[in-house]
Amino acid sequence: MTTKSAAAAHATLYGYPRQGPNRELKKAIEGYWKGRVDAAGLRRTAAQLRSAVWQQLTHAGIHEVPTGDFSYYDHVLDTSVMVGAVPERHRAAFAADALDGYFAMARGTQDVAPLEMTKWFDTNYHYMVPELGPDTVFTPDSSQQVGQLKEALALGLSARPVLVGPVTYLLLAKPAPGVAADFEPLTLLDRLLPVYARVLADLRAAGAQWVQLDEPALVQDRTPAELNAAARAYRELGALTDRPKLLVASYFDRLGEALPVLAKAPVDGLALDFTGPAAGNLADLAAAGGLPGKRLVAGVVDGRNVWINDLERSLSTLATLLGLADRVDVAPSCSLLHVPLDAAAERGIDPQIARWLAFARQKTTEVTTLARALSGGTGTITAELAANRADLASRASSAITHDPAVRARAAAVTEGDSRRAQPYPERAAAQRAQLRLPALPTTTIGSFPQTGELRTARADLRAGRIAEAAYEERIEAEIREVISFQEKTGIDVLVHGEPERNDMVQYFAEQLTGYLATQHGWVQSYGTRYVRPPVLAGDISRPEAMTVRWTAYAQALTDRPVKGMLTGPVTMLAWSFVRDDQPLGETARQVALALRDEVNDLERNGTSVIQVDEPALRETLPLRAADRPAYLAWATEAFRLTTCGVRPDTQIHTHMCYAEFGEILAAIDDLDADVISLEAARSYMRVADELAAAGYPREVGPGVYDIHSPRVPPEDETARLITRALRSVPADRLWINPDCGLKTRSWAEVRPALERMTAAAREARRRLPAPR
């Protein structure tokens, strides 16, 4: 195979993992929060990490490194600081100390609540939602962006600052507290553009030749008014005389109607995704007449998954693109923030599977390899192409990826397997008779704090310093403490606290065939919260029970019901790196059947309440409306397939958090769960209103305790949230619970928070009208 060569095609990236090879950034930030690291030490660690990344990328062959993508917590929060959109409640802290004010916006304090947090499009990354209103005054502060650019230039590197674009920033924002719910932040665009103009001028003065403005919100369905706003924004920014060259970037899907808008804008280049659902950008770009006179940065290496690139396929795409723009450069499809750092660090992976994996460092090499071929022809990468063909063939033919028994079972599923035999009203009556719960029953979402002693025991077990029996004694002690605390606190439906679990997806993945767990595959979820998503490498089955032992042990300690806790099939996929060699719906059905076996085993062993968490149902929703019905059909079927084999008096719960649920209310109903708990504290019960408006007929637990902040809410605040929930949800269908699991919180926070929650619930229960 040969390709037309392009003169000096460059390799570049949109962003890179921030944490460092050993999560040095996480440790420094958490040390700062605890007073063990001062501000100067934190800034020094951050600067060292940035420098190391930039120099490593340059050594690997990246011609233009990104700056401004590095963040202490979140790049959207950084943008709020850059444009001066600091909420009123945080301004005093911000004025006293900018770093502490920044973290107050991210995490809150005992006195003020943080910004709301939600998912970044359909990824597993969370961003801090800007709060804006008609009185918002934007003021530029380019110090962070300019400072990072100067650091890179001082190293003698070619660097391109990366900013969240003004249209995406406003489309991701929400009305500030006290502002009318129908306020549209996009109406502030004319007020925001001069601030961006000032930042661009500052970056040019600091030496920026190019600046990248990320506009991923434009890959979603957009109204004519929103598209007109994008056209106006880039018409005005493009017309500036005191600016660097502008590269407008999109990713995660095809631009669709926004592509001709940006192609005609007076900017100097576009960066487009050509992978997965965004592959349609190729035909759309040709139909729009290409980008004559402009630079095209082609995202042909998947920046969100961990499988090796098909180099020949990417070269074919690049060869077509050469005829559509004056200059074509090579990049991943999006920031590499969404993948782990280095597959070479994974010493315990089967060598056969290791050949199929590419993390951030390997993807960087793929990008530079493709850029070399684009510049000098495929003859310059003959050895790389041969090795790539062999690795792709190895994966396609491996027995790991095809288990005939699993495939036969999945093919035999019928419609009746995914529907409960009794309608909800009959089940609800049977469950009330079985469980005998009070009005406004209290529960938690599943996990309790993972103590230092527990983490030490787990590390000691892995290192062989303690025997399995000693570790299990530690687990039993943790469960006894959690059960005792819940009983004393007055919680009605208990959990065992999940002390044996490392992560809600990884724990199950390690016990299912077809999954691969990493040792160093950390990916940022939010702030300093990092997870190790497992890799879905082959067909899925469950060799033996995964949760029955510890759930049964906890139930034996109490007369109150103890929930069995599982992670649902959609979340098992969404929070893993999934297969790209078969439809997601097929993989979901395999996972659902494995989990169905676990649900049925829990019931057989006396568990009467089983929670199957699906926090990822909304975040995995395709960005384009036309693609959503097919997704929701297989996603809801997978949940029901997991849960529909139980008796009517077994109560099925599910849980969702930190997403906008309004678009999927019909799908939530289609899950046919008996009880759903959802994040609601930061949004002040908005989801309860949405469920009520949609006529949701089942039991609901909107969260009254925001667990993603160290703040312990006072009892009267919790009481107000319960009162607010009761306006939307009848008392006989309302549960009282936190927003999410308590694993990331300390006992010092959890004890008073849950004591106040149950006290508020008891008082609310006392005030209910007497039953007739």
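Values in this document were obtained by computation on a predicted structure and should not be read as measured data.

### Details of the overall build of the protein chain
Here's step 1: Assigned secondary structure in the protein chain consists of 28 helices and 20 strands.
Here's step 2: Considering only contacts within the protein chain whose residues lie at least 6 apart along the sequence, 80% involve residues at least 24 apart.
Here's step 3: Counting only carbon and sulfur atoms, one obtains 52% of the accessible surface of the protein chain, whose full area is about 28100 Å².
Here's step 4: With 86 positive and 96 negative side-chain charges, the protein chain shows a separation of 2 Å between the mean positions of the two kinds.

### A look at the sheet that holds strand 18 (residues 651–656)
Here's step 1: A sheet is described by the order of its strands in space; here five strands give the open sequence 16-17-18-19-20, paired in parallel fashion. Strand pairing shows two members of the sheet lacking a second neighbour, strand 16 (564–567) and strand 20 (699–702), which therefore form its edges. Across the sheet, the axes of successive neighbouring strands diverge by a mean angle of 20°, strand direction being ignored.
Here's step 2: For strand 16 and strand 17 (residues 609–613), the ladder comprises four bridges, and the chain directions are parallel. Within strand 17, the position partnered with Thr-567 by the bridge is Asp-613.

### Some thoughts on helix 5 (residues 98–107)
Here's step 1: When you tally the buried positions in helix 5, you get eight out of ten residues, the bulk of the element.
Here's step 2: For helix 5, the complete set of buried residues consists of Leu-99, Gly-101, Tyr-102, Phe-103, Ala-104, Met-105, Ala-106 and Arg-107.
Here's step 3: Those residues of helix 5 that are buried are in contact with helix 1 (24–33), helix 2 (39–60), helix 3 (75–82), helix 4 (91–96) and strand 3 (126–128).

### Considerations on the packing of helix 12 (residues 311–321) against helix 15 (residues 382–397)
How two helices sit against one another is set out by the angle between their axes and by the gap between those axes.
Here's step 1: Running from N to C, helix 12 and helix 15 point in directions that differ by 120°, and their axes come no closer than 9 Å. With respect to helix 15, the element helix 12 is oriented oblique. Facing helix 12, whose interface residues are Leu-311, Glu-312 and Leu-315, helix 15 presents Glu-384, Leu-385, Asn-388 and Arg-389.
Here's step 2: Of the residues in the contact of helix 12 with helix 15, the class split is three nonpolar, one polar and three charged.

### Topic: the side chain of His-496
Here's step 1: With respect to the helices, strands and loops of the structure, His-496 is situated in the loop between helix 19 (468–489) and helix 20 (506–509).
Here's step 2: Note on His-496: relative accessible area 0%, which makes it buried.
Here's step 3: Within the structure, His-496 has its side chain in polar contact with the side chain of Glu-500 (distance 3.1 Å).
Here's step 4: Beyond its immediate chain neighbours, meaning those up to four positions away, His-496 contacts Ile-479, Val-482, Ile-483, Arg-501, Trp-550, Ala-554 and Val-562.

### What to know about the sheet that holds strand 5 (residues 159–164)
Backbone hydrogen bonds are what pair the strands of a sheet, in a parallel or an antiparallel way.
Here's step 1: As summarised here, the arrangement of the seven strands in space is 1-5-7-8-9-10-11, forming an open sheet in which the pairing is parallel. Either end of the sheet is taken by a strand with one partner, and the two such strands are strand 1 (65–67) and strand 11 (325–332). Within the sheet, the average angular offset between the axes of one strand and its neighbour, ignoring direction, is 25°.
Here's step 2: Two strands pair when backbone bridges link them, and strand 1 and strand 5 are joined in this way by three bridges, in the parallel orientation. Bridge pairing links Thr-67 to Pro-161 in strand 5.
Here's step 3: Helix 6 (residues 143–154) rests against strand 1 and strand 5 of the sheet, and its axis sits at about 160° to strand 5.

### So, the pairing of strand 20
Here's step 1: By the alternation rule, side chains of strand 20 split into Glu-699 and Gly-701 and Val-700 and Pro-702, which are all buried.
Here's step 2: With four bridges connecting them, strand 19 (residues 675–678) and strand 20 associate as parallel partners. Note on strand 20: the bridge partner recorded for Ser-677 is Gly-701.

### Section: the nonpolar core
Here's step 1: One finds Tyr-169 and Leu-318 to be the most contacted residues of the largest nonpolar core, which totals 119 residues.
Here's step 2: In terms of residues, this core owes the most to one element, helix 8 (residues 189–205), which gives eight residues.
Here's step 3: Every residue in contact with Tyr-169, bar those within four places of it in the chain, is listed here: Val-76, Thr-79, Ser-80, Val-83, Ala-85, Pro-130, Leu-132, Val-164, Leu-192 and Tyr-196.
Here's step 4: Grouped together as the second largest cluster of nonpolar side chains are 97 residues, Ile-479, Tyr-515, Ile-652 and Met-685 included.

### As for empty space enclosed by the protein
Here's step 1: Taken as a whole and judged by the stated rule, the model has six cavities of 30 Å³ or more.
Here's step 2: Each pocket or cavity is described by its volume, and for the largest cavity that value is around 590 Å³.
Here's step 3: Looking at the largest cavity, it is lined by 34 residues, and the ones nearest its centre are Asp-503, Met-504, Arg-529, Trp-575 and Cys-740.
Here's step 4: Looking at the lining of the largest cavity, the elements with two or more residues in it are strand 13 (523–526), strand 14 (529–531) and strand 16.

### A closer look at the packing of aromatic side chains
Here's step 1: Under the definition given, this model contains 17 aromatic pairs.
Here's step 2: For the pair Trp-120 and Tyr-127, a centre-to-centre distance of 6.0 Å together with 80° between the ring planes defines the contact as edge-to-face.
Here's step 3: Taking the relative accessible area as the measure of exposure, Tyr-127 reaches 5% and is therefore buried.
Here's step 4: When the centroid spacing of 5.3 Å and the interplanar angle of 85° are considered together, the rings of Phe-485 and Trp-747 count as edge-to-face. Of this pair, Phe-485 sits in helix 19 while Trp-747 sits in helix 28 (residues 747–767), placing them 262 residues apart in sequence.

### A closer look at the pairing of strand 15 (residues 535–541)
Here's step 1: In terms of burial, strand 15 is a largely internal element, six of the seven residues being buried.
Here's step 2: The pairing of strand 12 (residues 513–516) with strand 15 spans three bridges and is antiparallel. Within strand 15, the position partnered with Leu-516 by the bridge is Val-535.

### Looking at the packing of helix 23 (residues 584–604) against helix 24 (residues 628–643)
Here's step 1: For the pair helix 23 and helix 24, interaxial distance at closest approach is 7 Å and the crossing angle is 15°. Taken as axis vectors, helix 23 and helix 24 run roughly parallel relative to one another. The handedness of the crossing between helix 23 and helix 24 comes out as right-handed. Between helix 23, through Leu-584, Gly-585, Ala-588, Arg-589, Ala-592, Leu-593, Leu-595, Arg-596 and Val-599, and helix 24, the contact on the second element is made entirely by Trp-634, Glu-637, Ala-638, Arg-640, Leu-641 and Thr-642.
Here's step 2: For the contact of helix 23 with helix 24, the per-class residue count stands at nine nonpolar, two polar and four charged.

### Focus on the confidence of the model for the protein chain
Here's step 1: Across the protein chain, pLDDT averages 95, with 98% of residues at or above 70.
Here's step 2: A low-confidence stretch, residues 1–6 stays under pLDDT 50, and its non-local contacts, those more than four residues away or across chains, total 20 contacts.

The rules behind these values
- Residues numbered from 1 in each chain as written.
- Predicted model: local features only at pLDDT ≥ 70, side-chain atom pairs only at ≥ 80, totals over all residues.
- Heavy atoms only, no water.
- Helix = DSSP H or I, 4+ residues; strand = E, 2+ residues; numbered from the N terminus.
- Contact = heavy atoms within 4.5 Å.
- Areas by Shrake-Rupley, 256 points an atom, 1.4 Å probe, with all protein chains shown as cover.
- Lys, Arg positive; Asp, Glu negative; His and termini not counted.
- Charge placed at Lys NZ, Arg CZ, Asp CG, Glu CD.
- Pairing = 2+ DSSP bridges.
- Axes fitted to C-alpha atoms, helices over the stretch in contact; angles between N-to-C directions.
- Buried < 20%, exposed > 50% of the residue type's maximum accessible area, 1.4 Å probe, protein only.
- Parallel < 35°, antiparallel > 145°, perpendicular 65-115°, else oblique.
- Nonpolar A, V, L, I, M, F, W, Y, C, P; charged D, E, K, R; others polar.
- Polar contact = N/O pair within 3.5 Å; in protein donor to acceptor, adjacent residues only side chain to side chain.
- Core = buried A, V, L, I, M, F, W, Y, C linked by side-chain atoms within 4.5 Å.
- 1 Å grid on protein atoms, 1.4 Å probe; cavity = no way out; pocket = protein on both sides within 12 Å on 5 of 7 lines; lining within 4 Å.
- Points joined across faces, edges and corners; volume = space filled by probe spheres on them.
- Phe/Tyr/Trp six-rings, centres within 6.5 Å; stacked < 30°, edge-to-face > 60°.
- Left-handed = near helix turned anticlockwise from the far one by under 90°.
- pLDDT = per-residue confidence, 0-100.

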